[in-house]
Amino acid sequence: MTLLRVTGLHARHGLLAAVRGVSFDVDEGEVVALIGANGAGKTTLLRTIAGAHPAAGGVIAYAGKDLEGLPAHRRVALGIALVPEGRRLFPELTVRENLTVAGRPGRWQLETVLDAFPRLRPLLDRPAAKLSGGQQQATAIARSLMTNPRLLLVDEVSLGLSPQAVDEVYDMIATLRGLGTTLVLVEQDLGRALAVAGRVICLLEGRITLEAPAAGLTRDRVVQAYFGFARTP
Amino acid sequence: MTWVNAILQGIFLGGLYALFACGLSLIFGVMRIINLAHGDLAVLGAFLVWSVTVTAGADPFVALLPVLPVMLVLGYLLHRTVLARSLRGGPLTPLLTTFGLAIVIQNGLLQAYSPDVRSLGGAAGGLATGSWRLTDQLSVSYLGLLVLVVAVLVLGGLHLLLRRTRFGREMRATAQDPDTAALVGIPAQSVYAKATAIAVATATLAGVFLAVRSTFDASSGPTQLIFAFEAVVIGGLGSIWGTLTGGIVLGVAQTLGATVDPQYSILAGHLVFLAVLASPRGRAVIR
């Protein structure tokens, strides 16, 4: 079943067209990796789907419902959550407060989230500003889960993290995939993206240059889509 | 003993300033705007209580009971209809909007109630004038103590609301990052509207205490705004308990100044405010 259908989506930053006529579908339970160079429009695309950035044209349909004009907090109520780039935790709130402020009815409550992210349990009363990068990323993902999303959008999940923290974050993502959560990941680390996703979408200058199953995708094909040219031997 | 009495009266006066200031501090803390109509909204509340008191012959504090919900709703609507739009216009627009609102309220009150000076002190009976006389030069007024107790209760209630409730967490989250708050399902505009409602209600409470304690007229709002603003800056912008400290420091400065010479009362408060503003913390506020 198609959970998210993006059709001819455009988004701008002032005069700059960041997303240009992008169309793709995401099925329920699928994991899709959005890849592309810096400035390709990945973050803008995720933020537009989440309602944090205005669409300049096109249609975003979620579970068959057109999201046009729906503010971000209403999209969260429908089941769309975004883990933003840079984590964007509320720095003066404790981990517990960061989690509970996002709480909505559903399977993910404070205890179930802490069972999935046990490393957060001893940090519950610590202000978010005093967490390490990996702890912040775990809190950010856990906070989004507290909204009980059907569709989880994760932006630059490994950016700025130590290799060990990246491993931990990807363990969490694998757990979420195992639980049937629908995920759209923006990821710069191609190896990680191909390992976790069922499908890969590559953006270049706001347009889709590649959309293919992750399995069997060659590095050359990705590089060609990534930079817009074929790699010479 | 005169100085001790001055300090004691200053603490009571500071309770009133803190009550005025807490709504201003709340709105600044959550929305980062300074509501220049705050004092006039307090005076509007005082006039509404005066109307109920005169019409129904009720005690001012009984008359406050139906007025408070009205002011809560007025605050909510004020945000939904005026402040929400002006917030979208950048940081200067709310300042101009609330300045204009202050002028509208003042002129509306002049039209409706005339420029006559009024007081609710008479209607409050012995509460407004009675006191416990501890020594020849030291007394504790019923009203002063009541204002201080109410200020502590209101500020304590706000503290608990912010720290212990879901709505409080939503307010703090929205204050820190409204865009991200929306991404976790918090409707920022609704949070802002409720914060404005609470601020207007606390301003009404302060306005009634002012009206019982002394006199008021349609143009009393700006003076109260200045004292509230000074208390907020002295105590630290956006800090709930800092507001109480700021109010008390301002009140004590004014009563000590008055003890030296009555004409130094207001000046002493302004000088303390300017001293704080010139300090490193004050410079941080300006930045």
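Being a predicted model, the structure only gives us computed values, none of them experimental. (Residues numbered from 1 in each chain as written. Chains lettered and ligands numbered in written order. Predicted model: local features only at pLDDT ≥ 70, side-chain atom pairs only at ≥ 80, totals over all residues.)

Draft legend 1. Representation of the overall build of chain B. Counting secondary structure elements, chain B contains 13 helices and 2 strands. Against the compact-globule benchmark of 19 Å for 287 residues, chain B has a radius of gyration of 19 Å, which places it among compact chains. The principal-axis extents of the C-alpha atoms in chain B amount to approximately 60 × 50 × 35 Å. Counting the 287 residues in chain B, one finds 49% classified as buried. Once local pairs closer than 6 in sequence are excluded, the contacts in chain B between residues at least 24 apart make up 74%. (Helix = DSSP H or I, 4+ residues; strand = E, 2+ residues; numbered from the N terminus. Rg over C-alpha atoms; globule rule 2.2 N^0.38 Å. Buried ≥ 20, exposed ≤ 12 C-beta atoms within 10 Å, placed from the backbone. Contact = placed C-beta atoms within 7 Å.)

Draft legend 2. Region of the structure containing the overall build of chain A. Of regular secondary structure, chain A possesses 8 helices and 10 strands. Computed over C-alpha atoms, the radius of gyration of chain A comes to 17 Å, within 12% of the 17 Å expected from 2.2 N^0.38 for 233 residues, which places it in the range of a compact globule. Along the first, second and third principal axes, the C-alpha set of chain A runs to 50 × 45 × 35 Å. In chain A, which comprises 233 residues, the proportion classed as buried is 44%. If you take every contact in chain A between residues at least 6 apart in sequence, the share linking residues at least 24 apart comes to 67%.

Draft legend 3. Representation of helix α8 (residues 219–227) of chain A in the model. Residues and elements named next belong to chain A. Among all positions of α8, only Val222, Ala225 and Tyr226 are buried. Here the buried residues of α8 occupy an arc of 105° about the axis, which is enough to place them on one side. The elements touched by buried residues of α8 are β3 (31–35), α7 (190–196), β9 (199–204) and β10 (207–213). At the exit of α8 stands glycine 228, carrying a positive phi of roughly 85°. (Arc of directions from axis to C-beta.)

Draft legend 4. Quick peek at the interface of chain A and chain B. Opposite the 21 residues of chain A that make contact, chain B presents 14 residues. Where the side of chain A that touches chain B is concerned, the elements lending two or more residues are α2 (72–78) and α3 (95–100) of chain A.

Draft legend 5. Structural view of the confidence of the model for chain B. All names here are of chain B. Per-residue confidence for chain B averages 93 on the pLDDT scale, and 98% of its residues sit at or above 70. Taking the mean pLDDT of every element in chain B, the minimum, 70, falls on helix α13 (residues 280–286) and the maximum, 97, on helix α2 (residues 38–56). Among the prediction metrics, the complex's ipTM stands at 0.90, with pTM recorded as 0.88. (pLDDT = per-residue confidence, 0-100.)

Draft legend 6. Main features of the pairing of strand β1 (residues 2–13) of chain A. Residue and element names in this part refer to chain A. Relative to strand β2 (residues 16–27), β1 runs antiparallel, the two sharing 8 bridges. Residue pairing in the sheet places arginine 5 in a bridge with aspartate 25 of β2. Taking the residues that link successive antiparallel strands as the turn, the β1-β2 hairpin has 2 residues, and the phi of glycine 14 there is positive, at about 65°. Where β1 lies against strand β4 (residues 57–62), 5 bridges are found, and the strand directions are antiparallel. Paired with valine 6 across the bridge in β4 is isoleucine 60. (Pairing = 2+ DSSP bridges.)

Draft legend 7. Main features of the packing of helix α1 (residues 2–31) of chain B against helix α10 (residues 221–235) of chain B. All names here are of chain B. Closest axis-to-axis distance for the α1/α10 pair is 8 Å, and the angle between their directions is 70°. Taken together, the axis directions place α1 and α10 in an arrangement best described as roughly perpendicular. Residues Tyr17, Ala18, Phe20, Ala21, Leu24, Ser25 and Phe28 of α1 form the contact with α10, whose participating residues are Gln224, Phe227, Ala228, Phe229, Ala231 and Val232. For the contact of α1 with α10, the class distribution of residues is 11 nonpolar, 2 polar and no charged. (Axes fitted to C-alpha atoms, helices over the stretch in contact; angles between N-to-C directions. Parallel < 35°, antiparallel > 145°, perpendicular 65-115°, else oblique. Nonpolar A, V, L, I, M, F, W, Y, C, P; charged D, E, K, R; others polar.)

Draft legend 8. Main features of the sheet that holds β1 of chain A. Residues and elements named next belong to chain A. Across the sheet, 4 strands lie side by side as β2-β1-β4-β5; this open sheet has antiparallel pairing. Strands at the two margins of the open sheet, each flanked by one partner only, are β2 and β5 (65–66). The sheet strands contacting helix α1 (residues 42–50) are β1, β2 and β4, and the helix crosses β2 at an angle near 65°.

Draft legend 9. Examining the pairing of β10 of chain A more closely. Pairing geometry for β9 of chain A and β10 of chain A, over 6 bridges, is antiparallel. Across the sheet, residue leucine 204 of chain A finds its bridge partner in β10 of chain A, namely arginine 207 of chain A.

Draft legend 10. Structural detail: the sheet that holds strand β7 (residues 151–155) of chain A. All names here are of chain A. Pairing in this open sheet of 6 strands is mixed, and the strands run β6-β7-β8-β3-β9-β10 from one edge to the other. The open sheet has two free edges, formed respectively by β6 (80–83) and β10, since each of these has just one partner strand. Going from strand to strand, the sheet's axes swing by 15° on average, the running direction of each strand aside. Sheet analysis places β7 next to strand β8 (residues 182–186), joined by 5 bridges and oriented parallel. Its bridge partner being in β8, leucine 153 is matched across the sheet by valine 184. Relative to the sheet, helix α5 (residues 133–145) contacts β6 and β7, its axis offset from that of β6 by approximately 170°. α8 rests against β3, β9 and β10 of the sheet, and its axis sits at about 35° to β9.

Draft legend 11. Geometry of the packing of α10 of chain B against helix α12 (residues 265–278) of chain B. Residue and element names in this part refer to chain B. For the pair α10 and α12, interaxial distance at closest approach is 9 Å and the crossing angle is 40°. Taken as axis vectors, α10 and α12 run oblique relative to one another. For the crossing formed where α10 meets α12, the hand is left-handed. Listed contacts from α12 to Glu230, Val233 and Ile234 of α10 are Gly269, Val272, Phe273, Val276 and Leu277. Residues that form the contact of α10 with α12 fall into these classes: 6 nonpolar, 1 polar and 1 charged. (Left-handed = near helix turned anticlockwise from the far one by under 90°.)

Draft legend 12. Quick peek at the nonpolar core. By size, the foremost hydrophobic cluster in this structure holds 164 residues, and its most contacted members are Leu153 of chain A together with Leu19 of chain B. Among the elements that take part in this core, helix α9 (residues 188–213) of chain B stands out by supplying 17 residues, more than any other. If sequence neighbours within four positions are ignored, leucine 153 of chain A has contacts with Leu46, Ile49, Ala50, Ala81, Leu82, Val83 and Val184 of chain A. (Core = buried A, V, L, I, M, F, W, Y, C linked by C-beta atoms within 7 Å.)

Draft legend 13. Structural context of helix α4 (residues 92–113) of chain B. Residue and element names in this part refer to chain B. With 22 residues, α4 ought to run about 32 Å at 1.5 Å a step, and its terminal C-alpha atoms sit 32 Å apart, in line with that. Within α4 the residues assigned to the buried category are Pro94, Thr97, Thr98, Leu101, Ala102, Gln106 and Leu109. Its buried side turned inward, α4 meets α2, α3 (60–87) and α10. Positive backbone phi, approximately 70°, marks serine 114, located one or two places after α4. (Expected span 1.5 Å × (residues − 1).)

Draft legend 14. Region of interest: the UniProt feature "transmembrane region" (unreviewed entry) in chain B. Residues and elements named next belong to chain B. Under the present numbering, the feature "transmembrane region" (unreviewed entry) in UniProt falls on residues 6–29, 64–83, 95–113, 140–162, 191–212 and 224–252. Spanning residues 6–29, this segment combines 100% helix with 0% strand, and its end C-alpha atoms are found 32 Å apart. Between the end C-alpha atoms of residues 140–162 there is a gap of 32 Å, over a span that is 91% helix and 9% strand. (UniProt positions renumbered as here; feature names shortened; annotations may be inferred.)

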